Every structure is written in C-alpha cells, then in structure tokens.
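Letter by letter, the chains look like this.
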Protein chains: 2
Amino acid sequence: MQPAPQSERPDDAAKKAYVLDEQIGYLLRLVNQRHALIFQEHTVLDLTPTQFSAMVRLLDEGECSQNELGRRTAMDVATIKGVVDRLRVKGLVRLRPDPNDRRRTTISVPGPHEDLRATLHAVGRRITRQTLKPLTPAERRTLLRLLAKMV
Amino acid sequence: MQPAPQSERPDDAAKKAYVLDEQIGYLLRLVNQRHALIFQEHTVLDLTPTQFSAMVRLLDEGECSQNELGRRTAMDVATIKGVVDRLRVKGLVRLRPDPNDRRRTTISVPGPHEDLRATLHAVGRRITRQTLKPLTPAERRTLLRLLAKMV
DNA sequence: TCCAATTTATTTGTATGCTAATGGAAGGGC
DNA sequence: GCCCTTCCATTAGCATACAAATAAATTGGA
C-alpha cells in the first residue's frame, strides 16, 4: 500500500542505503569464518589459529614470559593464559619460573626446533594460499596491504 | 655463532620467508580486534556486533524463525540461540510459537520500528566510517570488494 | 631506603562461535 | 497411511576474546 519508505526520507540523496552485507565488520566476520574452516582442514597437531600463532612466535623469536608472548601475538593476558595452558597439556610448550623475576613464567618449546618450525611454516603457507584462492595475485597483495594499513 | 639459518635452507630461492604478521588469518584477527573496540565505543543499547546484525536483519527483512535468523546473519544454530536469548532478556525481541509449525519459534521486534531502525543504521554507518578511517575512499571500496569476493 | 607505580600472572564473568548429540515435528515418496 | 528424511530448537563441551579485580613481585623516584 505504502510507497517505498526510502522515497519519503529526506536524506536519501545524501546517504546510500545501509546494507549489512556491505559493512566492514560483517564482512570480516564472514571471511574469518571461511578462514577458520580452511585452517581446521589443514592444521597439524590439532593447533587452533591462536595456538598456531603462539607456537610460530616462540619458534621464530625464542622463549619468553607468558605476558610477553601475549603481546607478540596480540592476545589479552587472559586469552594467552588459556592458549598456553592448552599447549602445555599437549606437551608442545614447557613452563618454568624465571630465576631473575619471580613474577614471570618462561614459556619455551622443548626438543629440536627446526623440523617443527619448517612444518608449521609449510602448513601456514598452505592455509594462506587456500584462503586467498578466490583472488588474483595482484588482489592478494592489495588485500594484505590494506588490511595491514588498518591495524 | 652460526650464520643465518635461512642461507642453509635449499628452498630459499623459491619461497619467501614465512612472516606471521603478513598472513591473512593473523591480519584478519588484528583488524577484527580493532573493529570490535570501535564497535564497543559507538554501539547503542549495549548491542554486540552479532546482536546488532540480528536486530538489523529483523528490522530490515521482518520477523522469522530462530534458525532462519541464524541463516540470515551467518550464525550457527547454537550461536543464534545465545544471541536471541540475550536480546530477549534485554526486551529487544519477542518470541512466540509458530501456529503453523510447532517446531518453530518466531522472533520479532516489539513496538514501532522506524526510529529504532534509523538509529541502528546511523550507528552502523558511524562504526563503518570509523573502522575504515585509515584508508582512502578508493581503498575502502577496494577492500570491501575484495573481502566480499572471498566469502 | 622507602613508598608509589608498574608489571606479571591468575581468576571471574560475559559473549561469541563451532561440533556433536538429542528429541520433537513436518514432509515426501511409496 | 507409513516410513525415511529433513528441519527446528535445545543442550553440552571446547576454544577464543575481552574487562575487571586481585595478589605478588619488581622498579623507579623522592
């Protein structure tokens, strides 16, 4: 009965319609969902994305305190604690008190690192490649550049 | 003491180094974190991003069953249930059994819609604008286009 | 040296977000 | 008309993620 409501609103010439599917936050959630699926298909040692990030940081940059690892991986202190706990249960990290600072717990990866490091890098490359598959090589570079600009 | 290890690896000419900060999954998490902060600063009615999406879908497309609302907002059945529960507690949605299908619960927004809808659209625009602020207008269009291509 | 501010780790509470399992209801094909 | 499949909603369990509060240890400045 009524005509389309937007034709009655005075701001129509100035504003485009608000379409949820075109909002950055909504799109980020959807792209994240797809990435999480791909990650799960390709991961090793049952690592989740955050666990994977923590392991890569430890292998690439060496052992550190729990809070420092949180900063290296952009995780809250409460979040990194849970991640480290689950890695410890899996036997992938070792915790020991810092002799120089009794507040700190040093997190390290036991055993030889090179094979594990190479494996994680290879898996990470595969996950990134699969996630970026819908884009052309030029688009991939553009997307990563623009995302990095927004952090 | 050892030379840089990458100079010993045979695949160095073919592969670039794996840098966590340049991986799509890691970047998506960081950008999401920033967006979540901005969202929290600007939101109304204490709506979270998913609650906001559900409300916008209901206001833009009308009432529907709980599972249907989940599909409209790309949420799992378990996730949309939690979201609807919290919206119900806030009094923002009403639940009633579907007389034609006893499996279904119809979710609707009580009261007049136009003001609430206009408010949510305005808030959503503000959040999107603030999130995309580091980019030029052309870059914003590009980013949204590439993200949409990846869903 | 001593006190205030900072840092570290932990805990609690809330909110996604997924898988998997369950039970009830509806629908389609025979 | 019956059965098999599908659909709907709920529940339990696991893993992020953040805020806020706490307690212990360290540090820096007066």
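In what follows, the accompanying structure is described.

Concerning unusual backbone geometry
Moving on, step 1. The phi dihedral of alanine 74 of chain A is positive, around 55 degrees, even though this residue is not glycine.
Moving on, step 2. Inspection of the secondary structure puts alanine 74 of chain A in the loop between α3 (66-72) and α4 (77-89).
Moving on, step 3. Located in the positive-phi region is aspartate 46 of chain B, a residue other than glycine, with phi close to 60 degrees.
Moving on, step 4. Among the structural elements, aspartate 46 of chain B can be located in the loop between α1 (24-42) and α2 (49-61).

Section: the interface of chain A and chain B
Moving on, step 1. Each side of the interface is counted separately: chain A has 51 residues, and chain B has 51 residues.
Moving on, step 2. Taking both partners together, chain A and chain B bury about 4900 Å²; carbon and sulfur atoms supply 65% of that area.
Moving on, step 3. Connecting chain A to chain B are 6 salt bridges.
Moving on, step 4. Between glutamate 139 of chain B and lysine 149 of chain A there is a salt bridge whose closest N-O contact spans 2.8 Å.
Moving on, step 5. If you look at where chain A meets chain B, you find 21 residue pairs in polar contact (both at pLDDT 80 or more).
Moving on, step 6. Those elements that provide at least two residues to the side of chain A that touches chain B are α1 (24-42), α2 (49-61), α5 (114-131) and α6 (137-150) of chain A.
Moving on, step 7. Broken down by element, the residue count for the side of chain A that touches chain B peaks at 12 residues, all from α1 of chain A.
Moving on, step 8. Residue classes in the side of chain A that touches chain B are distributed as 23 nonpolar, 13 polar and 15 charged.

Cut-offs used in this document
- Residues numbered from 1 in each chain as written.
- Chains lettered and ligands numbered in written order.
- Predicted model: local features only at pLDDT ≥ 70, side-chain atom pairs only at ≥ 80, totals over all residues.
- Heavy atoms only, no water.
- Helix = DSSP H or I, 4+ residues; strand = E, 2+ residues; numbered from the N terminus.
- Contact = heavy atoms within 4.5 Å.
- Buried area = accessible area lost by both parts, 1.4 Å probe.
- Salt bridge = Lys/Arg side-chain N within 4 Å of Asp/Glu carboxyl O.
- Polar contact = N/O pair within 3.5 Å; in protein donor to acceptor, adjacent residues only side chain to side chain.
- Nonpolar A, V, L, I, M, F, W, Y, C, P; charged D, E, K, R; others polar.

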